[in-house]
Amino acid sequence: VSIEDIRVLRGQFLDFMLDYKFAIDEITTKINILREDFNNANEYNPIEHINSRLKSPESVLEKVQRKNYPMNLASIRENVLDIAGVRVICSFISDIVKIRDMLAGQEDITVLEERDYITNRKPNGYQSLHLIVSIPVFRSHRTARIPVEIQIRTIAMDFWASLEHKIYYKYRGEVPPNLQAELTQAAEAATRLDEKMESLHRLVDHTGRDPHQDPSETLDL
Ligand code: 0O2
């Protein structure tokens, strides 16, 4: 392989990765539009914040090797579906499906896969709703449908996942059983908090009525 071949390959790979950066931009814009629209309508806003990340070229290639996928761009596009990642953090459990439906219902979005780790939490306690969607990206000389992994979760689920992620990396995947058990308990506490917050949220009057004028609406905490 000549230096020139490597230069061409590198250029093709960077151009391929740019598709995913643009796909993140598209999804992020959609979520920001929803957020601004809720605010504009003076409605309660279910979106707390959003994060996004583009997988590094090293970890894309590491995943291709680990999973034994063929090492070419077509195979990477078909098999590695989490190169573009967007995370939406909501306040309440009921917001998750609201956001899911608003995104999945948009004409240019196709849901390719859905994993509900909330109904079926992972054995370690991990909870989140994962969607793999595809979205068209319009480049100057071509158009491509690009997969994006969208993770939707509550603040409590996110708090748990970020701590677990740090612990997992600290122990390089070999988390001691006692710590693992503590993490599972913490996940259960996070679920209880989410359920409590959800029930408080339901008690809050969204119609703007004054609870002092209507005793049936009084919060009994
Ligand atoms: P990062 O740093 O977020 O990119 P695979 O992607 O093939 O290894 P799978 O089963 O296809 O795994 O995907 P899965 O498990 O549905 O979702 C993978 C992503 O979800 C992970 O991405 C994490 O972001 C998150 N996730 C899944 N399980 C856990 C968990 O137990 N704890 C935490 N903290 N996060 C989890 P990456 O690429 O591993 O990491």
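Bear in mind the structure is a predicted one, so any value in this text is a computation, not a measurement.

Asker: Can you help me understand the overall build of the protein in this one?
Answerer: Across its full length, the protein holds 6 helices and 5 strands. Each helix and strand of the protein, placed in order from N terminus to C terminus, yields the pattern α-β-α-α-β-α-β-β-β-α-α. C-alpha atoms of the protein, sized along the principal axes, occupy 80 × 50 × 20 Å. When each of the 221 residues of the protein is scored for burial, the buried share is 21%. In the protein, the proportion of contacts linking residues at least 24 apart, taken out of those at least 6 apart, comes to 64%.

Asker: Mind showing me how you'd approach the sheet that holds strand E5 (residues 143-154) here?
Answerer: Hydrogen bonding along the main chain pairs the strands of a sheet, whether they run parallel or antiparallel. A sheet is described by the order of its strands in space; here 5 strands give the open sequence E1-E2-E5-E4-E3, paired in mixed fashion. On the outer flanks of this sheet lie strand E1 (47-54) and strand E3 (110-116), each paired with one strand and no other. Across the sheet, the mean angle separating the axes of adjacent strands is 25 degrees when strand polarity is ignored. Where strand E4 (residues 129-138) and E5 come together, 10 bridges link them in antiparallel fashion. Looking across to E5, one finds that leucine 129 is bridged to isoleucine 152. Packing of helix H1 (residues 3-40) onto the sheet brings it into contact with E1, strand E2 (84-90), E4 and E5, and relative to E1 it is tilted by some 175 degrees. Helix-sheet contacts for helix H5 (residues 155-170) involve E1, E2 and E5, and the interaxial angle to E5 is about 100 degrees.

Asker: Is there a simple way to think about the site of the ligand in this case?
Answerer: Neighbouring the ligand are Asp82, Gly85, Arg115, Lys122, Asn124, Tyr126, His130, Ala161, Glu164 and His165. It is H5 that contributes the most residues to the shell around the ligand, 3 residues altogether. For the shell around the ligand, the residue count by class is 2 nonpolar, 4 polar and 4 charged.

Asker: Please clarify how the UniProt feature "domain: RelA/SpoT" (unreviewed entry) in the protein should be interpreted in this entry.
Answerer: Taking the numbering used here, the UniProt-annotated feature "domain: RelA/SpoT" (unreviewed entry) corresponds to residues 52-175. Structurally, residues 52-175 comprises 36% helix and 31% strand, and the distance from its first C-alpha atom to its last is 27 Å.

Asker: Where do I start with the packing of H5 against helix H6 (residues 177-203) in this structure?
Answerer: The relative placement of two packed helices comes down to the angle between their axes together with the axis-to-axis distance. One way to put it is that H5 packs onto H6 with a least axis distance of 9 Å and a crossing angle of 165 degrees. Considered as vectors, H5 and H6 are oriented roughly antiparallel to each other. Where H5 crosses over H6, the handedness of that crossing is right-handed. For the pair formed by H5 and H6, the contact residues are Ala156, Met157, Phe159, Trp160, Glu164 and Ile167 on the first element and Leu179, Leu183, Ala186, Ala187, Ala190, Leu193 and Asp194 on the second.

Asker: Any chance you could explain H6 here in plain terms?
Answerer: Within an α-helix, residues lying three or four positions from one another point in the same direction, as the helix has 3.6 residues per turn. For H6, which comprises 27 residues, the first-to-last C-alpha distance of 39 Å matches the rise-based estimate of 39 Å (1.5 Å per residue) to within 8%. Every buried residue belonging to H6 is among Ala187, Ala190 and Asp194, and all of these are buried. Tucked into the core, H6 has its buried residues touching helix H4 (93-104), E5 and H5.

Asker: Sorry if this is basic, but what is going on with the confidence of the model for the protein here?
Answerer: Fine structural detail should not be taken from predicted coordinates in areas where pLDDT scores are low. Scored by pLDDT, the protein has a mean of 92; 92% of the residues are at 70 or more. Low pLDDT (under 50) marks residues 217-221, which in the prediction has 6 contacts with non-local residues, meaning those over four places away or in another chain.

Asker: How should I be thinking about H1 in this particular structure?
Answerer: Look at H1: 55 Å from first C-alpha to last across 38 residues, which is about the 56 Å you get at 1.5 Å a residue. Within H1, the full set of buried residues consists of Tyr20, Ala23, Ile24 and Ile27. Summarising the contacts, the buried residues of H1 are in contact with E1, E2, E4 and E5. Just past H1, the residue asparagine 42 takes up positive phi, approximately 55 degrees.

Asker: Got a minute to help me understand the nonpolar core in this structure?
Answerer: Soluble globular proteins tend to bury their nonpolar side chains together. One finds Ala23, Val88, Cys90, Ile135, Val148 and Ile150 to be the most contacted residues of the largest nonpolar core, which totals 27 residues. When contributions to this core are tallied by element, the ones reaching two or more residues are H1, E2, H4, E4 and E5. Residues within four places of valine 148 in sequence aside, it is in contact with Ala23, Ile24, Ile27, Ala84, Val86, Val133 and Ile135. Ranked by size, the runner-up nonpolar core spans 6 residues in total, among them Met157, Trp160, Ala187 and Ala190.

What counts, and at which threshold
- Residues numbered from 1 in each chain as written.
- Predicted model: local features only at pLDDT ≥ 70, side-chain atom pairs only at ≥ 80, totals over all residues.
- Helix = DSSP H or I, 4+ residues; strand = E, 2+ residues; numbered from the N terminus.
- Buried ≥ 20, exposed ≤ 12 C-beta atoms within 10 Å, placed from the backbone.
- Contact = placed C-beta atoms within 7 Å.
- Pairing = 2+ DSSP bridges.
- Axes fitted to C-alpha atoms, helices over the stretch in contact; angles between N-to-C directions.
- Near = placed C-beta within 6 Å.
- Nonpolar A, V, L, I, M, F, W, Y, C, P; charged D, E, K, R; others polar.
- UniProt positions renumbered as here; feature names shortened; annotations may be inferred.
- Parallel < 35°, antiparallel > 145°, perpendicular 65-115°, else oblique.
- Left-handed = near helix turned anticlockwise from the far one by under 90°.
- Expected span 1.5 Å × (residues − 1).
- pLDDT = per-residue confidence, 0-100.
- Core = buried A, V, L, I, M, F, W, Y, C linked by C-beta atoms within 7 Å.

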